[in-house]
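Coordinate analysis (summary)
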4 protein chains.
Amino acid sequence: MAKKSDFLNKKQLVKHIDITKFKDMDKLVAAMGDTSFQARNLSRAADIFDMALREKDGMVFLCLAGSLVSAGLKKVITDLVDNNMVDAIVSTGAIVVDQDFFEGLGFSHYKGTPFVNDAELRELAIDRIYDHYIDEDELRVCDEVMTRIFDNLAPRPYASREVIREMGAYLVKHGKKHDGFVEACYRKNVPIFVPAFSDCSAGFGIVLHQHNRIRQGKPMCSLDSGRDFLDLTYLKMHGGKESGIVMIGGGVPKNFVQDTVVSAEVLGMHDCPMHKYAVQLTVADERDGALSGSTLKEASSWGKVDLAFEQMVFGEATVTFPLLAGAVYARGAHKSRKPREMSLYFEGADFVGKANKSSKRQRGQARGKKKQPQSVG
Amino acid sequence: MAKKSDFLNKKQLVKHIDITKFKDMDKLVAAMGDTSFQARNLSRAADIFDMALREKDGMVFLCLAGSLVSAGLKKVITDLVDNNMVDAIVSTGAIVVDQDFFEGLGFSHYKGTPFVNDAELRELAIDRIYDHYIDEDELRVCDEVMTRIFDNLAPRPYASREVIREMGAYLVKHGKKHDGFVEACYRKNVPIFVPAFSDCSAGFGIVLHQHNRIRQGKPMCSLDSGRDFLDLTYLKMHGGKESGIVMIGGGVPKNFVQDTVVSAEVLGMHDCPMHKYAVQLTVADERDGALSGSTLKEASSWGKVDLAFEQMVFGEATVTFPLLAGAVYARGAHKSRKPREMSLYFEGADFVGKANKSSKRQRGQARGKKKQPQSVG
Amino acid sequence: MAKKSDFLNKKQLVKHIDITKFKDMDKLVAAMGDTSFQARNLSRAADIFDMALREKDGMVFLCLAGSLVSAGLKKVITDLVDNNMVDAIVSTGAIVVDQDFFEGLGFSHYKGTPFVNDAELRELAIDRIYDHYIDEDELRVCDEVMTRIFDNLAPRPYASREVIREMGAYLVKHGKKHDGFVEACYRKNVPIFVPAFSDCSAGFGIVLHQHNRIRQGKPMCSLDSGRDFLDLTYLKMHGGKESGIVMIGGGVPKNFVQDTVVSAEVLGMHDCPMHKYAVQLTVADERDGALSGSTLKEASSWGKVDLAFEQMVFGEATVTFPLLAGAVYARGAHKSRKPREMSLYFEGADFVGKANKSSKRQRGQARGKKKQPQSVG
Amino acid sequence: MAKKSDFLNKKQLVKHIDITKFKDMDKLVAAMGDTSFQARNLSRAADIFDMALREKDGMVFLCLAGSLVSAGLKKVITDLVDNNMVDAIVSTGAIVVDQDFFEGLGFSHYKGTPFVNDAELRELAIDRIYDHYIDEDELRVCDEVMTRIFDNLAPRPYASREVIREMGAYLVKHGKKHDGFVEACYRKNVPIFVPAFSDCSAGFGIVLHQHNRIRQGKPMCSLDSGRDFLDLTYLKMHGGKESGIVMIGGGVPKNFVQDTVVSAEVLGMHDCPMHKYAVQLTVADERDGALSGSTLKEASSWGKVDLAFEQMVFGEATVTFPLLAGAVYARGAHKSRKPREMSLYFEGADFVGKANKSSKRQRGQARGKKKQPQSVG
């Protein structure tokens, strides 16, 4: 019978691609701009990302969906954070907890194949993500660490960004690998939001925490996804004049960031500008009306994204994301860009003051933006 | 210049398809079972759904993602609820709040076209979902009702199912259309879970609620997605011996329900069976490793879904969901199926007792299932 | 070791779906027209196909690509032919020869599964098409019959329609199943064109025929794809005033029929109308610029397809084609439609006269339709 | 009103990407091999292509489908030809005639956008391919040159490779750009096969040629697609011991090359090896059973492609083809590879002798490769 090590081979680890060490990525992506189809789209997406970085008073949101870190794109994200190319991240839970934090605890992902007997994997407690594997026993360790983190927090509702910051602190102290983006974001004060935070290993952690507290009749932590949305909206409102979104995949993160424009309006900020720059790398498709593939043009009908600088790139992220990030990195806009450290925004007594200020504008005119754009502000 | 009524034409409303009134849908889908490709897959999916309904001590979870209600599938869902063909729903927020609840308030969706000038729509405050339109002013009314609902709740963390039950009660009292599934679920005591509940009109509602409370220095409601996961896990643990999942689209709802098997194990229930029946209708694709398109076979490596009765159907839901639901409805398994009324499970003092009971089994053996499946239970 | 009969089970034959025996297909598809996405597209496609049939002096071309007959859609096509709902067919070779003619020889397709060991199938001489199987030994019989047909023809270049007519005659005399569309088209005088005719079992037949004739130093048959295009162009020019195209899949057949408009112009018919009605059922996607997924709107820029009545339906044909054909059949436009018998057009001395006539118009004005572009060549 | 030059801007020409001038493409693609999903597949495809080039007595077939040359990939193909990295090409007609030959005549493709009014383009005689444009007047010149080429040939059936060789000779003499692959193949004696040769500008050329000859009562040229298949089979049989296929897109070219293995068997060569190396770059999808997306594993059940060294890469070719070709070029296997000059194979009296030789083996054993299936026909 097969052994676990037949599948989980230390010589077959997924290795994270390093966009900073290849020459000519910028030239390659620029040349693609004179061809067609997705190559040209990719090239234009790089131009738009670059413009967003050069915006004077700008903020760049990075949205992450899909199994990016387990697939070998961790260092791409970390490099963007370390080089001040992203000011806030909105992600699925799996990428943040089950993959990045998980690797920070010392674990790895293993190259595998989709052509395998899943019943056999199940017997061996190996989880498969298309063509690579995870040791489920190690994933359970991750769950347990999450439970411990919740157990150590004061019992109250938390925005995901608060918990993830705790995770970053945990990695600095106890982590075994220090190349992940959760830790990088902690060091660089880049906030990470996970709107569906219970839909991952953090969920297993909180579930056990709450279950135990219920049995013990004690107060507990909870995950306030409403607060996530509020805080992200505050960032959109106060983080910079213009904003750009770089979306890898679609799903909840995509929608969440886009909706902050509407949300700011709901909070009374009638002159909150749409996202000025928006690019999305996706394999999804708009033709079934699902969100992940809805085009950015469609989003513009909702008043979320401006039309001038938006670009969809239809292609799988392991190929397109390194090219995009590598080309923009090579252009060097980040060299003259300062760290925004938006995590600090949420700290200190000042924060409530800022929130109060943000609602001075009248709420009663909340839907005015579309009708009288001129008379606003 | 174009007027709003040029696009929002009362004679061009989206109308909800009624699967109960067509003859021979069962024969049609059965005949597809002797052809190939997605038609045969669809036919097998109908067989599996039907088997799940005939399971003695079984529970059926319905997962909803994609713009289903706005597209005209509201009545399909309501019919499943009213006919005891589904015992719990896990959904995206947009379907529940922006679409079903929204229509319950008296509003409608309008047939349109994707070949349209989105800048013009934006000027007119019309939102587009691929080929149909929404009046954004009406959507803002929906946001406001949500704020009011939160304002009227005692300030504490809430699972989404609690808030959505309030929404059902609201519709019974104040609603103008009574054919939606939020109201049907309220009446039939079918719980609805939305793991990313702030990612929709409910998010706009909670954001304004919290923002105001912060300014006023008062306690506030929060949306506890951890509790959602815990409660859904309890349902999986105690709701019935065997479970089936009918997934329309992928995304968070798909993952959330599947993860309850692992979550039950984390809570110490080592003999929690995998989901025995599982079908998914999707246009997504597994080849980029994203979750929505990950096959159910892959899920089985995670110990979430059993392999015997699973079926992916690759196709767009407006075509495939009415066929699936219509065929299974026609077979009549629901006629001898009693309402499970799982919403009642969460009420009463009994609930904490149940939760306590569920953790009698030792937590220390939590990962044992895969290693010693024999010695469990 | 596995035996051939383990895979090729007579009780697991693919059975061809019969669109004439289900009630309410028209009502179902009509109701889909008030929903959205692909369901609404499908409904509109049915309306357009119906309009094409009701056109007074109209011609309907059916284009076939994809593994339609092996998948169980043979009877759908045959029913369209028998009920005067199609006047000419353009197809891939596999559908015509390897699948329809093959079944006419008495053979069948077997239901199978994609989750199978292909090396094992190869050992057993079983060919797999995604989820169904073919006995390769039987396919070789088909190749041999094709060689014999070529051996019995006078040695000269042939349009595919001529050879396929011989195949129809062969089936009438020697066939064992008489429910295929090759035979139906022979009986009803509906011409079938296969532009890439050597890319199928007919190719194996001609290759052996030519190889033998080369060795023997004798004259041989050849497959004149130029003549196919010429003859199809003549049909477009003289077959009726307005034309409609119903395309299942894309590929060469789609392009071939569309190009007849341009070709007619090249032959000097400057007032040859674009195809007035056009629907396509496809899973392909336009975003890579490949032909199969290029939208009909794009085709209109080429002057091939009119914009007023065109509809793409993105979905897999085993589900969408029976719904489309069944709904249109139920509406009964065919009842008052006479057989066009276009095969007869190509017979008799008259034919050359018609060809001559068709070029009376001046060639020098060939590009006139698009507003006489200046001065070429 | 819009003018033609508004769309056809000489400063917005599609420019062909040059894979020989970027550094580190090999390192980039190699690093992708340690990540996952399509990046890893792409990396493995490069390894397989490289192995095929290093095979001692090997032949490499390049299959082309999709709008590759108009999209800016002409130089990629020409570079492969000029560097002895491909020994025969099988293509759609559009790539060879409407795009490569067309550009050789001095014309260009123009960058555009899919978000455009196609009716306006039609008025201006501009043809659109998703996001780029062609001057239809120039395309008509191409049609006319093709007619002239046919008019100048002796009236008999022609394999496409013969006509395309004439086109190469034409370009050497009369061409205005000399960087295309039709001309490169002529110079390097690399044969090009187009199985559906009338489905392109060559089709318009032959149609007018034949139409005129019919009117004049004179003998004419015809396009013998049977001969294409025979000649390609001869290449597979005699061109080298092992063969590899590099497929860009799917469609007829893919099937045609794969079928040569079966065809060789039909001609009596029972030990004709399957294609040993096979890679395909495609956006197609196997789930509808259409050919373009059928996996290479499925092809192996047909005895066409060996399983050991095959790789599908799901992604759009403008992105993936330059990466694949660039990486393999950088590895330099071509430097020690001699030109095969397979066009010469078909010339001289020797050819018939070879054909005769190839049939010495008994035909009666034709199906022997797959373990002598019992008794057919």
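The paragraphs below set out a description of the structure included in this document. Since the structure is predicted, the reported quantities are computational estimates derived from the model, not experimental observations.

So, the overall build of chain A
Tallying secondary structure elements over chain A gives 16 helices and 11 strands in all. Within the span of chain A, comprising 377 residues, buried residues form 70% of the whole. Summarising the internal contacts of chain A: among those between residues at least 6 apart in sequence, 80% fall at separations of at least 24. Per element, the accessible surface of chain A, about 11,800 Å² overall, is 50% carbon and sulfur.

Looking at the side chain of A:Glu183
All names here are of chain A. Within the secondary structure layout, Glu183 lies in helix H9 (residues 181–188). Despite its burial, Glu183 pairs with no opposite charge, the nearest such side chain being Arg187 at 4.2 Å. Setting aside residues no more than four positions away along its own chain, Glu183 makes contact with Gly168, Leu171, Val172, Lys177 and His178.

Here we look at the sheet that holds strand S9 (residues 242–248) of chain B
Residues and elements named next belong to chain B. The parallel open sheet is built from 6 strands, whose spatial order is S7-S2-S1-S9-S10-S11. With partners counted over all chains shown, the strands left at the sheet margins are strand S7 (192–193) and strand S11 (305–314), one partner each. Bridge analysis of S9 against strand S10 (residues 275–282) gives 5 bridges, and the strand direction is parallel. Pairing of Val246 across the sheet is with Val279, part of S10.

Some words on the interface of chain D and chain A
The interface is formed by 37 residues belonging to chain D together with 37 residues belonging to chain A. Regarding the contact of chain D and chain A, the summed buried area is about 3,500 Å², with carbon and sulfur atoms giving 64% of it. For the pair chain D and chain A, the number of links is 6 salt bridges. As a salt-bridge pair, A:Asp131 and D:Arg40 come within 3.6 Å of each other at their nearest N and O atoms.

Focus: the side chain of A:Thr35
Inspection of the secondary structure puts A:Thr35 in the loop between helix H2 (25–32) and helix H3 (37–54). A polar contact of 2.8 Å, which involves the side chain of A:Thr35, links it to the backbone oxygen of A:Met32. Setting aside residues no more than four positions away along its own chain, A:Thr35 makes contact with A:Arg40, D:Val14, D:Lys15, D:Ile17, D:Ala71, D:Gly72 and D:Lys111.

Digging into unusual backbone geometry
All names here are of chain A. A positive phi angle is found at Asp24, which is not glycine, with a value near 70 degrees. Note on placement: Asp24 falls in the loop between helix H1 (4–7) and H2. Here Tyr130, not a glycine, exhibits a phi torsion of approximately 45 degrees, which is positive. Mapped onto the fold, Tyr130 is located in the loop between strand S4 (126–129) and strand S5 (132–135).

As for the state of the cysteines
Residues and elements named next belong to chain C. What the rule picks out here adds up to 0 disulfides over all chains. There is no disulfide at Cys63, and the cysteine sulfur nearest it, in Cys185, is 13 Å away. The class for Cys63 is buried, based on a relative accessible area of 1%.

Points about the sheet that holds strand S1 (residues 58–64) of chain C
Spatial strand order, S7-S2-S1-S9-S10-S11 (chain C): 6 strands in an open sheet with parallel pairing. Strand pairing shows two members of the sheet lacking a second neighbour, strand S7 (192–193) and strand S11 (305–314) of chain C, which therefore form its edges.

A short note on helix H4 (residues 69–82) of chain D
All names here are of chain D. Helix length check: H4 (14 residues) gives 16 Å between terminal C-alpha atoms against 20 Å at 1.5 Å per residue, more than 12% under. If you look at H4, its biggest bend is around 25 degrees, right at Lys75. Backbone geometry just after H4 places Asn84 at a positive phi near 55 degrees.

Quick notes on the pattern of salt bridges
Going through the model one piece at a time under the given rule, you end up with 108 salt bridges over all chains. A salt bridge links A:Lys4 to A:Asp135; the nearest nitrogen and oxygen atoms lie 2.8 Å apart. With A:Lys4 in helix H1 and A:Asp135 in strand S5, this residue pair connects regions lying 131 residues apart in the sequence. With a relative accessible area of 11%, A:Asp135 lands in the buried category. Two residues, B:Asp34 and C:Lys111, come together in a salt bridge whose shortest N-O distance is 2.6 Å. In this pair, B:Asp34 is assigned in the loop between helix H2 (25–32) and helix H3 (37–54) and C:Lys111 in strand S3 (residues 110–111), connecting two distinct chains. Members of the salt-bridge network, linked through shared partners, are A:Glu136, A:Arg140, A:Asp143 and B:Glu265.

A short note on the packing of aromatic side chains
Tallied over the entire structure, the rule returns 36 aromatic pairs over all chains. Judged by centre distance (4.9 Å) and plane angle (40 degrees), the rings of A:Phe229 and A:Phe256 are tilted. Of the two residues, A:Phe229 is situated in helix H11 (residues 225–238) and A:Phe256 in helix H12 (residues 251–266); the sequence distance between them amounts to 27 residues. Both residues of the pair, A:Phe229 and A:Phe256, belong to the buried class. Plain terms: the ring middles of D:Phe101 and D:Tyr170 are 6.0 Å apart, the flat faces sit at 55 degrees to each other, and that makes the pair tilted. Of this pair, D:Phe101 sits in helix H5 (residues 93–104) while D:Tyr170 sits in helix H8 (residues 160–174); the two residues are 69 residues apart in sequence, bridging distant segments of the chain. Exposure class is identical for D:Phe101 and D:Tyr170. Each is buried. Ring pairing ties together the aromatic residues A:Phe193, A:Tyr345 and A:Phe346, which thus form one cluster. The side chain of C:Arg156 reaches across the aromatic face of C:Tyr158, ending 3.9 Å from its centre. Across the ring face of C:Phe346, the terminal group of C:Arg161 is positioned such that the distance to the ring centre comes to 4.0 Å.

As for the relation of the copies chain D and chain A
Mapping chain D onto chain A leaves a residual RMSD of 0.0 Å; the transformation is a rotation of 180 degrees accompanied by 0.0 Å of translation along its axis. Between the two chains, the operation in question is that of a two-fold axis.

Structural notes on the packing of helix H11 (residues 225–238) of chain C against helix H10 (residues 201–216) of chain D
Direction vectors running N to C along H11(C) and H10(D) enclose 75 degrees, while the axes themselves pass 9 Å from each other. The orientation of H11(C) with respect to H10(D), classified from their angle, is roughly perpendicular. In this structure, H11(C) contributes C:Gly226, C:Arg227, C:Phe229, C:Leu230 and C:Tyr234 to the contact, and H10(D) contributes D:Gly203, D:Phe204, D:Ile206, D:Val207, D:Gln210, D:His211 and D:Ile214. Split by residue class, the contact of H11(C) with H10(D) holds 7 nonpolar, 4 polar and 1 charged.

Quick notes on the pairing of S9(B)
Residues and elements named next belong to chain B. Most of S9 sits inside the fold, with 7 of its 7 residues counted as buried. Because side chains alternate across S9, one face comprises the buried residues Glu242, Gly244, Val246 and Ile248, and the other comprises Ser243, Ile245 and Met247, equally buried. In this fold, S9 hands off to helix H12 (residues 251–266), which returns the chain to S10; that crossover is right-handed.

Definitions and cut-offs
Residues numbered from 1 in each chain as written. Chains lettered and ligands numbered in written order. Predicted model: local features only at pLDDT ≥ 70, side-chain atom pairs only at ≥ 80, totals over all residues. Heavy atoms only, no water. Helix = DSSP H or I, 4+ residues; strand = E, 2+ residues; numbered from the N terminus. Buried < 20%, exposed > 50% of the residue type's maximum accessible area, 1.4 Å probe, protein only. Contact = heavy atoms within 4.5 Å. Areas by Shrake-Rupley, 256 points an atom, 1.4 Å probe, with all protein chains shown as cover. Lys, Arg positive; Asp, Glu negative; His and termini not counted. Salt bridge = Lys/Arg side-chain N within 4 Å of Asp/Glu carboxyl O. Pairing = 2+ DSSP bridges. Buried area = accessible area lost by both parts, 1.4 Å probe. Polar contact = N/O pair within 3.5 Å; in protein donor to acceptor, adjacent residues only side chain to side chain. Disulfide = S-S within 2.5 Å. Expected span 1.5 Å × (residues − 1). Bend = angle between axes of the 7 residues up to and from the residue. Phe/Tyr/Trp six-rings, centres within 6.5 Å; stacked < 30°, edge-to-face > 60°. Lys NZ or Arg CZ within 6 Å of the ring centre and 35° of its normal. Least-squares fit on C-alpha atoms with pLDDT ≥ 70 in both. Axes fitted to C-alpha atoms, helices over the stretch in contact; angles between N-to-C directions. Parallel < 35°, antiparallel > 145°, perpendicular 65-115°, else oblique. Nonpolar A, V, L, I, M, F, W, Y, C, P; charged D, E, K, R; others polar. Right-handed = clockwise from strand over helix to strand, strands pointing away.

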